[in-house]
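One letter stands for each residue in the lines below.
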Amino acid sequence: MALSRLEKAQVWFFKAVMGVFSLLLRFLSPRRPTVSGKKLPPVSNPLLLLSATQLAKKIRRREVSSVEVVQAYIDRIQEVNPLLNAVVKDRFAAALQEAAQVDKLIEEETGGEEVLEDRLPLLGVPLSVKESFALLGMPFTTGMISRRRVVATVDSPLVAQLKRAGAIPLGVTNTSELCMWGESHNHLYGITSNPYDLERTPGGSSGGEGSILGGAGAVIGVGSDIGGSIRIPCFFNGIFGHKTTPGVVSCENQYPPTSGRQDEYLSSGPMCRYAEDLLPMLKIMAGPKAHMLSLNTKVDLKKLRFFTIPHDGGSAFTYPVSKDLIDIQRKVVRRLEADFGVKVQEVQFPELRYGFQIWDTYMGLPDKEGKPPKPFAELMGEPGRPAWPVWELLKWMIGKSEHTLAAIGVGLLEVTRSSKASSFIIQQKEKLQKEVEELLGTDGVFFYPSHPRVAPKHHHPLFRPFDFTYTGIINILGLPITQCPLGLNEEGLPLGVQVVGGKLQDHLTLAVALYLENTFGGWRDPGAN
């Protein structure tokens, strides 16, 4: 079925608005200091090239002290953060004190290494935290100038669980304004850069996490994802990330809070440079619900059914997938078939063409009591009255708005959302949900592009705002996904793919991630030649 006249009008309006924004950005945006020719220094400390799992083992065995590890990461952050602007507030002094306490605990432990591993699996390992998660004593603003004095008074549950497992937070990292854009930029902290090319975006909203992890300033971190906010930064920065099946890992004490039915689509999950850290992190973060994911079940990849979906079938909202991403996904298929003797079936779902409309419609649905989601303009205006996006745009044009052009654009586009959900779009989603669940079952995974292109230049997501649909549609389907790096393209930018499994089958996609890391090399040092 073709787009309705209203939907065609929406497409035209969205593209017209973004065309205007691109002109405004070109002529009115302040120029950034040039970073042309600058590059991240290569990793020089070998401790930075070990996984969290390996570091924890060495710390328990007293082969290296926690203080040494934490200091190595502090040194690296101080080396690269002036270029990346990823860590927006550190707690280095407190982290070193906590590391010294860890070393004293290990010195006095009489139960042996096994006791420590069971009770404190991440003991002494440094951790980075997305600033939208409450971390006691740290800023809790999501880039809002109006929240610049807000400091977290508690830890969010998943942060608390990681700390109880022995992890040591080093600081909090940048996000997009209110975590609703594909670039980590706000007027409180500024803009974050990609470690592989400082003139490019690390993505959003967990872009600070992606950037500092990709730049080897952290080994493990945490992100949240309601439209791709874990997976897009992981893709752009060449690292691993996992969007969990919703409802397993706690999303409490994040800002902004969900409303309407958005809690059905939001997931929190691990981000890291090494695939072997995903599963132990997820076990810790899931806490009492970890058993729901069968994470202790051994996976035989030869017994899985594999599928590949090369693109969305030609949506009016998204751009075509680039050749280098099409090619690398085909290479994954060929390697799987050669290594395991399996047949990877290519499939298409016509409903994917409506991915953006599905995501936008479901994000706007009311909750079970009929209460609609809180409008974005209200979030922009808190703690005062709702913002008026048109007025904010006029203020932005003369440099007086506290909001980014992206946030203003989200507020403007929100007014085009119909008050009544399209029955056609609801039908497309329900049909897609049924077809995908029948395809995957409990032993199937499929590969799907993470984005139509590699990391774009700063601000360029404004010109192509709906390319996040490749990740966003999976949120609405409620499926687990592991984002996997697949080497670099000819420009030295990360390639990657989404590995998607059935509901509660997170262990399958994590097992595929280990295989892909072994086959394609995983994370690459952006400072290396």
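Only a predicted model underlies this, so the values are computations on that prediction, with no experimental measurement involved.

Visitor: So what's going on with the overall build of the chain? Which residues, and what values?
Guide: Within the chain, the secondary structure is distributed over 17 helices and 13 strands. The C-alpha atoms of the chain give 22 Å as radius of gyration, which agrees with the globular expectation for 529 residues (24 Å, within 12%). Reported as C-alpha extents along the three principal axes, the dimensions of the chain are approximately 70 × 55 × 50 Å. The buried share of the chain, reckoned over its 529 residues, is 60%. Taking the intrachain contacts of the chain between residues at least 6 apart in sequence as the baseline, contacts between residues at least 24 apart amount to 78%. Of the accessible surface of the chain, which amounts to about 21,300 Å², a share of 54% is contributed by carbon and sulfur atoms. The distance from the centre of the 58 positive side-chain charges to the centre of the 55 negative ones in the chain is 4 Å.

Visitor: Give me the UniProt feature "active site" (unreviewed entry) in the chain: which residues, what numbers.
Guide: The feature "active site" (unreviewed entry), as given by UniProt, occupies Lys130, Ser205 and Ser229 in the numbering adopted here. On the basis of their most widely separated C-alpha atoms, the annotated residues across 100 residues gather in one place, lying no more than 10.8 Å apart. By the secondary structure assignment, Lys130 is in strand β2 (residues 126–130). Reaching out from Lys130, the side chain makes a polar contact with the side chain of Ser205 at a distance of 2.7 Å. Residue position: Ser205 is located in the loop between β5 (190–191) and α7 (207–214). Residues contacting Ser205, with those up to four places away along its chain left out, are Lys130, Asn174, Thr175, Ser176, Cys179, Trp181, Ser184 and Ser229.

Visitor: Go over the packing of helix α11 (residues 355–363) against helix α16 (residues 469–477), please, and point to the residues and values.
Guide: The N-to-C vectors of α11 and α16 enclose an angle of 50°; their axes lie 9 Å apart at closest approach. Compared by their axis directions, α11 and α16 come out oblique. For α11 against α16, the interelement crossing comes out left-handed. Residue-level inspection shows Gly355, Phe356, Ile358, Trp359 and Tyr362 of α11 in contact with α16, the latter providing Thr469, Gly472, Ile473 and Ile476. A breakdown of the residues in the contact of α11 with α16 according to their chemical character gives 6 nonpolar, 3 polar and no charged.

Visitor: Lay out the packing of aromatic side chains with the relevant residues and their values.
Guide: The full count for this structure, using the stated rule, is 13 aromatic pairs. The interplanar angle of 90° and the centroid separation of 5.1 Å between the aromatic rings of Tyr354 and Phe424 together place this pair among those described as edge-to-face. Remark: Phe424 occurs in helix α15 (residues 423–440) and Tyr354 occurs in the loop between β10 (345–346) and α11; sequence separation between them is 70 residues. A single burial state applies to Tyr354 and to Phe424, both of which are buried. What links up through ring pairs into an aromatic cluster is the set Phe317, Phe356, Trp359, Phe466 and Phe468. Over the aromatic face of Tyr319 sits the side chain of Arg464, whose NZ or CZ is 4.1 Å from the ring centroid.

Visitor: An account of the side chain of Asn475 is requested, with residue identities and associated values reported.
Guide: Residue placement: Asn475 occurs in helix α16. Given a relative accessible area of 0%, Asn475 falls into the buried group. A distance of 3.0 Å separates polar atoms of two side chains, one belonging to Asn475 and the other to Asp225. Beyond its immediate sequence surroundings of up to four residues, Asn475 is in contact with Asp225, Ile226, Gly227, Gly228, Arg231, Lys243, Glu264 and Tyr265.

The rules behind the values
- Residues numbered from 1 in each chain as written.
- Predicted model: local features only at pLDDT ≥ 70, side-chain atom pairs only at ≥ 80, totals over all residues.
- Heavy atoms only, no water.
- Helix = DSSP H or I, 4+ residues; strand = E, 2+ residues; numbered from the N terminus.
- Rg over C-alpha atoms; globule rule 2.2 N^0.38 Å.
- Buried < 20%, exposed > 50% of the residue type's maximum accessible area, 1.4 Å probe, protein only.
- Contact = heavy atoms within 4.5 Å.
- Areas by Shrake-Rupley, 256 points an atom, 1.4 Å probe, with all protein chains shown as cover.
- Lys, Arg positive; Asp, Glu negative; His and termini not counted.
- Charge placed at Lys NZ, Arg CZ, Asp CG, Glu CD.
- UniProt positions renumbered as here; feature names shortened; annotations may be inferred.
- Polar contact = N/O pair within 3.5 Å; in protein donor to acceptor, adjacent residues only side chain to side chain.
- Axes fitted to C-alpha atoms, helices over the stretch in contact; angles between N-to-C directions.
- Parallel < 35°, antiparallel > 145°, perpendicular 65-115°, else oblique.
- Left-handed = near helix turned anticlockwise from the far one by under 90°.
- Nonpolar A, V, L, I, M, F, W, Y, C, P; charged D, E, K, R; others polar.
- Phe/Tyr/Trp six-rings, centres within 6.5 Å; stacked < 30°, edge-to-face > 60°.
- Lys NZ or Arg CZ within 6 Å of the ring centre and 35° of its normal.

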